[in-house]
Amino acid sequence: MSEGVGRRERRKAQTRKALADAALRLFLERGYDQVGVKDVADAADVAVSTLFAYFPSKEALVFDLDDDLEAEVVAAVRDRTPGQSIPHALREHILRRAIEVAAFPHTAALAHMVESTPALRDYARRMWLRHEAALARALADEVGAPQDDIACAAFARFALEAAHVIHGHPAPEQAANAIFNLLEHGWTTAYPGT
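Residues numbered from 1 in each chain as written. Predicted model: local features only at pLDDT ≥ 70, side-chain atom pairs only at ≥ 80, totals over all residues. Heavy atoms only, no water.

What follows deals with helix 10 (residues 172–185). In this model, helix 10 (14 residues) spans 20 Å end to end at C-alpha, consistent with the 20 Å of a helix rising 1.5 Å per residue. Ala-175, Ala-176, Ile-179 and Phe-180 are the residues of helix 10 that are buried. Around the axis of helix 10, the buried residues are gathered within 110° of arc, so they sit on the same side. Elements that come into contact with the buried residues of helix 10 comprise helix 6 (86–103) and helix 9 (150–168). In the segment just after helix 10, Gly-186 is the residue with positive phi, at about 90°. (Helix = DSSP H or I, 4+ residues; strand = E, 2+ residues; numbered from the N terminus. Expected span 1.5 Å × (residues − 1). Buried < 20%, exposed > 50% of the residue type's maximum accessible area, 1.4 Å probe, protein only. Arc of directions from axis to C-beta. Contact = heavy atoms within 4.5 Å.)

Right, dumping it as structure tokens:
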């Protein structure tokens, strides 16, 4: 029985990957607005209904790992090493992700496509807001604060926005250190007397 479940799960993962890979290839070749979901389904050799079973929208095809990213950032807080500060754990996680993203061969083209396509920009913003809310809840749980704690919400926003700054910086580790040092120790520690 477990072998059948394992095989089924592998097949589902292969179909999902085939769809995401086909979408990325087609979007980068032709442009996002010139590719329909039927084009992607055909390229992956599945029915359109199968595509929608894996991805709720065309935009979701671009952000294939969306749910994984949210789970990972929350886990970075909840599963951190005992004694490790939350800012340090998030710094390590976000820096590692920035390095992984930078190594992806299509990062620049994908970023340009997202920025130049209003539907993708809007989707990315909604996705980040959802991640921000999940991270804020995890932070509140960790420090025993109410779920709507403004400090946790602000910290979550700053930490996630840091990922964009780190990714675009020529020295990502230096940027991560500066940003998370500021988040952990505050402005007056970084710039005394100001």
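Before going further, it helps to examine the nonpolar core. If you look at the biggest cluster of nonpolar residues, it comprises 53 residues, and the most contacted ones within it are Phe-27, Val-40, Val-62, Leu-90, Leu-135 and Ile-166. In terms of residues, this core owes the most to one element, helix 8 (residues 118–143), which gives 11 residues. Leaving out residues up to four positions away in the same chain, Val-62 has contacts with Phe-27, Tyr-32, Leu-110, Met-113, Val-114 and Leu-120. (Core = buried A, V, L, I, M, F, W, Y, C linked by side-chain atoms within 4.5 Å.)

Below, the discussion takes up a positive patch on the surface. A cluster of basic residues, Arg-8, Arg-10, Arg-11 and Lys-12, forms a positive patch on the protein surface. You can see Lys-12 is positioned in helix 1 (residues 2–30). On the basis of relative accessibility, which here comes to 39%, the residue Lys-12 falls in the partly exposed class. (Patch = residues over 30% accessible without salt bridge, like charges linked within 9 Å, V, L, I, M, F, W, Y side chains within 5 Å. Areas by Shrake-Rupley, 256 points an atom, 1.4 Å probe, with all protein chains shown as cover. Salt bridge = Lys/Arg side-chain N within 4 Å of Asp/Glu carboxyl O. Lys, Arg positive; Asp, Glu negative; His and termini not counted. Charge placed at Lys NZ, Arg CZ, Asp CG, Glu CD.)

Turning to the layout of surface pockets, a few remarks are in order. Computed from the structure, the largest pocket encloses a volume of approximately 1,300 Å³. Phe-63, Leu-69, Arg-97, Val-101 and Leu-110 are the residues nearest the centre of the largest pocket, which is lined by 37 residues in total. For the lining of the largest pocket, the secondary structure elements donating two or more residues are helix 1, helix 4 (58–62), helix 5 (66–78), helix 6, helix 7 (107–116), helix 8 and helix 9. Split into classes, the residues belonging to the lining of the largest pocket amount to 22 nonpolar, five polar and 10 charged. (1 Å grid on protein atoms, 1.4 Å probe; cavity = no way out; pocket = protein on both sides within 12 Å on 5 of 7 lines; lining within 4 Å. Points joined across faces, edges and corners; volume = space filled by probe spheres on them. Nonpolar A, V, L, I, M, F, W, Y, C, P; charged D, E, K, R; others polar.)

The final tally for this structure, using the stated rule, is two aromatic pairs. On the numbers, 5.3 Å between centres and 20° between planes, the contact of Phe-63 with Tyr-123 is stacked. Taken together, the positions of Phe-63 in the loop between helix 4 and helix 5 and Tyr-123 in helix 8 put the pair 60 residues apart, joining distant regions of the chain. Judged by relative accessible area, which is 15%, Phe-63 ranks as buried. (Phe/Tyr/Trp six-rings, centres within 6.5 Å; stacked < 30°, edge-to-face > 60°.)

Along the chain, Thr-117 turns up in the loop between helix 7 and helix 8. A relative accessible area of 6% places Thr-117 in the buried class. The sequence separation of Thr-117 and Ala-159 amounts to 42 residues, and the corresponding C-alpha distance is 25 Å. The contact partners of Thr-117, leaving out residues within four places of it in the chain, are Tyr-32 and Asp-33. At a separation of 2.7 Å, a polar atom in the side chain of Thr-117 contacts the main-chain carbonyl oxygen of Met-113. (Polar contact = N/O pair within 3.5 Å; in protein donor to acceptor, adjacent residues only side chain to side chain.)

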